[in-house]
Amino acid sequence: MKPAKVRATAAQILASLLRQQGSLASLLPRTTDMADQDQNQMALLRELCFGTCRWYHQLNQELGSLLDKPLKNKDADIHCLLLLGMYQLEHMRLADHAAVSETVNATVVLKKGWAKSLVNGVLRQYQRRLASADSRSDDSSLTYAAWLVDTIRADWPQQGSGILTAGNQHPPMTLRVNLARVSRAAYLDQLAIEGIEATPGTLAESAIYLAQGRAVSTLPGFSDGLVSVQDEASQLIPGLLAAGSGQRILDACAAPGGKTCHVLESLARHGDEPHTMLALDIEARRLGRIEENLQRLMLAAPCVHLQAADSSEPASWWDGIAFDRILLDAPCSATGIIRRQPDVKVLRQAADVPRLVALQHKLLVNLWSCLAPGGVMVYSTCSVLRDENDRQILRFLAETPDAQEIPIAAKWGIVTDAGRQLLPTDQGPDGFYFAVLRKTTPESGKPDL
Ligand SMILES: C[S@@+](CC[C@H](N)C(=O)[O-])C[C@H]1O[C@@H](n2cnc3c(N)ncnc32)[C@H](O)[C@@H]1O
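About the criteria used
- Residues numbered from 1 in each chain as written.
- Predicted model: local features only at pLDDT ≥ 70, side-chain atom pairs only at ≥ 80, totals over all residues.
- Heavy atoms only, no water.
- Near = heavy atom within 4 Å.
- Polar contact = N/O pair within 3.5 Å; in protein donor to acceptor, adjacent residues only side chain to side chain.
- Nonpolar A, V, L, I, M, F, W, Y, C, P; charged D, E, K, R; others polar.
- Domains from an automatic or database assignment.
- Contact = heavy atoms within 4.5 Å.
- Buried area = accessible area lost by both parts, 1.4 Å probe.
- Salt bridge = Lys/Arg side-chain N within 4 Å of Asp/Glu carboxyl O.
- Helix = DSSP H or I, 4+ residues; strand = E, 2+ residues; numbered from the N terminus.
- Phe/Tyr/Trp six-rings, centres within 6.5 Å; stacked < 30°, edge-to-face > 60°.
- Buried < 20%, exposed > 50% of the residue type's maximum accessible area, 1.4 Å probe, protein only.
- Pairing = 2+ DSSP bridges.
- Right-handed = clockwise from strand over helix to strand, strands pointing away.
- 1 Å grid on protein atoms, 1.4 Å probe; cavity = no way out; pocket = protein on both sides within 12 Å on 5 of 7 lines; lining within 4 Å.
- Points joined across faces, edges and corners; volume = space filled by probe spheres on them.
- Axes fitted to C-alpha atoms, helices over the stretch in contact; angles between N-to-C directions.
- Parallel < 35°, antiparallel > 145°, perpendicular 65-115°, else oblique.
- Left-handed = near helix turned anticlockwise from the far one by under 90°.
- Core = buried A, V, L, I, M, F, W, Y, C linked by side-chain atoms within 4.5 Å.

(A) Quick look at the site of the ligand. Neighbouring the ligand are 18 residues, the closest being K259, D281, R286, D310 and D329. In the model, an oxygen atom of the ligand is placed 3.2 Å from a nitrogen or oxygen of the A255 main chain. Within the contact set of the ligand, an oxygen atom lies 2.8 Å away from a side-chain nitrogen or oxygen of R286. Looking at side-chain class alone, the shell around the ligand contains nine nonpolar, three polar and six charged residues.

Dropping the structure here:
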């Protein structure tokens, strides 16, 4: 791909995103489908798309003041081309003249040569604005929709600004060592031999932070299943679920299988296997990702079953035999992982939150009926919004007489009205919420702790 074509492709992807036709994960081509010589262009394409989303609201505001009149809907690609041109000038270490000329050339690739002088004029103007500004505003909230800023600040009066700042940063690359196969210390040694700088995580015993991101194919033992890429917060799940040998385990929202595999790895580490691990996801096409991970990590086994199903409707998939452990890693606003998925800033609308809260509640209530007395459910989200987290669980506890919270004894995170919240921090874990719930036994009427 030529440089102008990369920019034109990025503009088309961003225009589709603005039309809510998919996320960056679904719209960007998969790197595995590409020839080696295209990998650099792919890195540029990703950087243009991710970066423009990260700064979208601020760039869009600036663009509004540079245009005499808004572009027509049918020219959303040119609008996005302007945004990504501005992103290059402000945030990328590229020579300005190259950034401007390749972005202008992209108009021809898009078969909109009429926009050449418009793009050139706006970008030159922006270049002058950047050069003359005494200081750029460092108000991190400018890169978010106003409703999200208000909600985060209302939920977290003390920590709100830190959450917003963290969401503008680049995330660290975090690995999960497969402790069933290799110790963290031994894997750190392997990284050091390869000259890869890394440090152990402090919350999860399997976590390693790399000083620099890199392609997974260059990680020692990746294809043999020694490591996976997973944020440290997510790696806390097996410790909370505390699954044991011979148990029936349900991972109700499982794709792409990060936590399914981690729970199985944690059992395998002690030579254990569940009676059943049922991994469900409503998106059938995403089950393939779970299968890939199970194969790579050598965890595929007759006791592991994958099924496309709506977890909130157990009548459609459940055989009536209760589970000892249920992981409900619920669909959520993803506001705790905005630095990893900056398109959340563009895609998420205020009205999504009550819709997600209702879905999470339905999942909680209906999956609870599948849990055995004495069994444990872990509810988690990658959200920092309290309606999806502690308020959701408080309501569930109030409505469910046989549910009792098991307080999480840990040094990490913030104890909330129910459960525990991690907030995103620079070079640390993502924003994540956890609650551990046990079903009381009929005999005791109390949780079987
Ligand atoms: C937070 S992601 C799960 C991530 C996964 N647990 C992991 O660690 O890799 C939430 C998942 O829930 C799935 N989902 C959403 N609604 C669902 C439903 N009603 N039933 C089952 N899965 C659902 C989505 O397709 C998505 O894959």
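(B) Here's a closer look at the domain arrangement of the protein chain. According to the domain assignment, the protein chain contains domain 1 (3-136), domain 2 (173-229) and domain 3 (234-439). A C-alpha centroid distance of 37 Å is found between domain 1 and domain 3. Across the boundary between the two partners, domain 1 contributes 13 residues, which contact 10 residues of domain 3. Between domain 1 and domain 3, the buried area comes to about 950 Å², and carbon and sulfur atoms account for 57% of it. Its largest share of buried area at the contact with domain 3, domain 1 owes to Q20, R30 and R54, together 43% of the area lost on that side. At the boundary of domain 1 with domain 3, the tally comes to zero salt bridges. At the level of elements, α1 (3-18), α2 (24-27), α3 (39-54) and α4 (56-66) are the ones that each hand at least two residues to the side of domain 1 that touches domain 3. Here the side of domain 1 that touches domain 3 takes three residues from α3, the largest share from any one element. Partitioning the side of domain 1 that touches domain 3 into residue classes produces seven nonpolar, four polar and two charged.

(C) Highlighting the packing of aromatic side chains. The full count for this structure, using the stated rule, is four aromatic pairs. With centroids separated by 6.2 Å and ring planes inclined at 70 degrees, the aromatic side chains of Y379 and Y433 adopt a geometry described as edge-to-face. Separated by 54 residues along the polypeptide, Y379 in strand β9 (residues 371-381) and Y433 in strand β13 (residues 432-439) bring together distant segments of the chain. Residue Y433 is classed as buried on the basis of its relative accessible area, which comes to 0%.

(D) Main features of the environment of A410. Topologically, A410 is positioned in the loop between β10 (403-405) and β11 (414-415). The class of A410 is partly exposed, set by a relative accessible area of 25%. Placed 15 residues apart in sequence, A410 and R395 show a C-alpha to C-alpha distance of 23 Å.

(E) Inspection of the environment of P314 at higher detail. Positionally, P314 belongs in the loop between β7 (304-308) and β8 (323-329). Note: C-alpha distance between P314 and G221 (93 residues apart in sequence) is 39 Å. Among residues more than four places away in sequence, those in contact with P314 are N366 and C370.

(F) Spotlight on the pairing of β7. Here strand β6 (residues 276-281) pairs with β7 via five bridges, running parallel. Looking across to β7, one finds that D281 is bridged to A308. Between β6 and its parallel partner β7, the chain crosses via helix α13 (residues 287-296), and the hand of that crossover is right-handed.

(G) Up close: the layout of surface pockets. Approximately 410 Å³ is the volume found for the second largest pocket. Considering the residues around the second largest pocket, the lining is formed by 25 residues, among which E205, P238, G239, H262 and S266 are closest to the centre. Looking at the lining of the second largest pocket, the elements with two or more residues in it are α11 (237-241) and α12 (258-269). Counting residues per element, the lining of the second largest pocket draws most heavily on α12, at six residues.

(H) Local environment of the sheet that holds strand β2 (residues 198-200). The four strands lie next to each other as β2-β3-β1-β4, forming an open sheet whose pairing is antiparallel. Both edges of this open sheet fall to β2 and β4 (227-229), since each of them pairs with a single strand only. Between one strand axis and the next, the sheet turns by 30 degrees as a mean value, whatever way the strands run. Pairing of β2 with strand β3 (residues 207-210) involves three bridges; the strand directions are antiparallel. Looking at the pairing, T199 lines up with Y209 of β3. Sheet strands touched by helix α10 (residues 184-193): β1 (173-177), β2, β3 and β4. Its angle to β3, the strand with the most contacts, is close to 20 degrees.

(I) Representation of the packing of α1 against α3. The N-to-C vectors of α1 and α3 enclose an angle of 40 degrees; their axes lie 9 Å apart at closest approach. When the axis of α1 is compared with that of α3, the two are oblique. When you trace α1 past α3, the crossing you get is right-handed. Between α1 and α3, the contacting residues are V6, R7, T9, A10, I13, L14 and L17 on the first element and Q41, L44, L45, L48, C49, T52 and C53 on the second. Here the residues of the contact of α1 with α3 are counted per class, giving 10 nonpolar, three polar and one charged.

(J) Main features of the nonpolar core. By size, the foremost hydrophobic cluster in this structure holds 51 residues, and its most contacted members are I152, L294, V378, V384, L422, F434 and V436. With four residues, α12 is the single largest residue contributor to this core. Each residue touching L294, except ones within four places of it in the same chain, is listed here: C261, L264, L299, A300, V304 and L306. Counting residues in each nonpolar core, the second largest holds 46 residues, with A10, L17, F50 and V122 among its members.

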